[in-house]
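Geometric and topological summary
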Amino acid sequence: AQSVTQPDIHITVSEGASLELRCNYSYGATPYLFWYVQSPGQGLQLLLKYFSGDTLVQGIKGFEAEFKRSQSSFNLRKPSVHWSDAAEYFCAVAGGSTLGRLYFGRGTQLTVWP
Amino acid sequence: EPEVTQTPSHQVTQMGQEVILRCVPISNHLYFYWYRQILGQKVEFLVSFYNNEISEKSEIFDDRFSVERPDGSNFTLKIRSTKLEDSAMYFCASRDRGDTQYFGPGTRLTVL
């Protein structure tokens, strides 16, 4: 069955530091992978997605993620974090009969120190 | 930019009562979803809806749950005989022919 693991529940970084949020997935075929971000009081906003092709994908707000099939990972990175990046980040894989069902990780809460 | 909206933002109800959570998906989208997140747990899929019928549902979506698209713009989730364990944040999402789901801000349901 499909599943997603985000091993880090809470990460704290200083503003300007680099960031990597980890995501591991379990899926039998080529996965459709997503990263979403949720700010307080807001919905889940799509940061980026991977369906096929180049394994390094670029997203909004300066984020990127790299798909590594051998490691079943889809880690999210940003070279320099801004205070406005503080939020909760969710990794997800699409599955189900129509690939419309998203399986989410538990989320990683990011705190940014000034 | 078009967005998914949900009302109310917070709903409080007594155990055993019925609640209706409302969503307005993005115009022209074809696929509609409900998810929920119990505090401290993962976001979980409830149901998907396409062409006026349920296309997939999870084991959470039992006989107390139902969905409806009563007109061209609204998409509702009804929960009958609410239980304490129904307390959660409920998210609506919609998708066009692409593969990206767009989420609303959520409705926090509290069952007392």
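Residues numbered from 1 in each chain as written. Chains lettered and ligands numbered in written order. Predicted model: local features only at pLDDT ≥ 70, side-chain atom pairs only at ≥ 80, totals over all residues. Heavy atoms only, no water.

To continue, consider the overall build of chain A. Within chain A, the regular secondary structure consists of zero helices and twelve strands. In chain A, the succession of helices and strands from N to C terminus is β-β-β-β-β-β-β-β-β-β-β-β. Computed over the C-alpha atoms, the radius of gyration of chain A is 14 Å, within 12% of the 13 Å expected from 2.2 N^0.38 for a compact globule of 114 residues. Across its three principal directions, the C-alpha atoms of chain A cover 45 × 30 × 20 Å. Counting over 114 residues, chain A shows a buried share of 46%. Counting only contacts in chain A whose residues sit at least 6 apart along the sequence, the fraction spanning at least 24 positions is 53%. (Helix = DSSP H or I, 4+ residues; strand = E, 2+ residues; numbered from the N terminus. Rg over C-alpha atoms; globule rule 2.2 N^0.38 Å. Buried < 20%, exposed > 50% of the residue type's maximum accessible area, 1.4 Å probe, protein only. Contact = heavy atoms within 4.5 Å.)

It is worth spelling out the pattern of salt bridges at this point. Residues and elements named next belong to chain B. Evaluated as defined, the whole model comprises eight salt bridges over all chains. A salt bridge links Arg-36 to Glu-44, with the nearest nitrogen and oxygen atoms 3.4 Å apart. Overall, Arg-36 belongs to the buried group, its relative accessible area being 9%. A salt bridge links Asp-62 to Arg-64; the nearest nitrogen and oxygen atoms lie 3.5 Å apart. With a relative accessible area of 30%, Asp-62 lands in the partly exposed category. (Salt bridge = Lys/Arg side-chain N within 4 Å of Asp/Glu carboxyl O.)

Residues and elements named next belong to chain A. Within the fold, Asp-8 resides in the loop between strand 1 (3-5) and strand 2 (10-14). With relative accessibility at 17%, the residue Asp-8 sits in the buried group. Reaching out from Asp-8, the side chain makes a polar contact with the side chain of Arg-22 at a distance of 2.9 Å. When neighbours within four sequence positions are excluded, Asp-8 is seen to be in contact with Arg-22, Gly-107 and Thr-108. (Polar contact = N/O pair within 3.5 Å; in protein donor to acceptor, adjacent residues only side chain to side chain.)

What follows is about the interface of chain B and chain A. Contacts between the two partners involve 21 residues from chain B and, on the opposite side, 22 residues from chain A. When chain B packs against chain A, close to 1700 Å² is buried across both sides, 50% of that on carbon and sulfur atoms. Counting the contacts that link chain B with chain A gives one salt bridge. For the salt bridge of Glu-56 of chain B with Arg-101 of chain A, the shortest nitrogen-to-oxygen distance reads 3.5 Å. The tally of links between chain B and chain A comes to seven residue pairs in polar contact (both at pLDDT 80 or more). Split into classes, the residues belonging to the side of chain B that touches chain A amount to seven nonpolar, eight polar and six charged. (Buried area = accessible area lost by both parts, 1.4 Å probe. Nonpolar A, V, L, I, M, F, W, Y, C, P; charged D, E, K, R; others polar.)

Turning next to the environment of Val-43 of chain B. Following the sequence through the fold, Val-43 of chain B ends up in strand 5 (residues 43-50). Along the primary structure Val-43 of chain B and Tyr-102 of chain B are separated by 59 residues, whereas in three dimensions their C-alpha atoms are 14 Å apart. Among all residues touching Val-43 of chain B, those that are not within four sequence positions of it are Phe-90 and Phe-104 of chain A together with Tyr-35, Arg-36 and Gln-37 of chain B.

Residue and element names in this part refer to chain A. Counting buried residues in strand 10 (residues 87-95) gives eight out of nine residues, a clear majority hidden from the surface. Bridge analysis of strand 5 (residues 33-38) against strand 10 gives six bridges, and the strand direction is antiparallel. Among the inter-strand pairings, Phe-34 is bridged to a residue of strand 10, identified as Ala-92. Here strand 10 runs beside strand 12 (residues 108-113); their pairing, made up of three bridges, is antiparallel. Each residue of the ladder has a partner; that of Tyr-89, found in strand 12, is Thr-108. (Pairing = 2+ DSSP bridges.)

All names here are of chain A. One can find Asp-85 in the loop between strand 9 (73-78) and strand 10. Owing to a relative accessible area of 4%, Asp-85 belongs among the buried residues under this scheme. Discounting residues that sit within four places of it in the chain, Asp-85 has contacts with Phe-63, Lys-78, Leu-110 and Val-112.

Residues and elements named next belong to chain A. Most of strand 9 is tucked away: five of the six residues are buried. Where strand 3 (residues 19-21) lies against strand 9, three bridges are found, and the strand directions are antiparallel. What sits directly across from Leu-19, in strand 9, is Lys-78. In this structure, strand 8 (residues 64-68) lies alongside strand 9, joined through five bridges in antiparallel fashion. Within strand 9, the residue paired with Glu-66 across the bridge is Asn-75. Here strand 8 folds back onto strand 9, and the loop between the two strands holds four residues, one of which, Ser-72, carries a positive phi near 50°.

So far we have only geometry, and geometry alone does not tell us how the molecule works.
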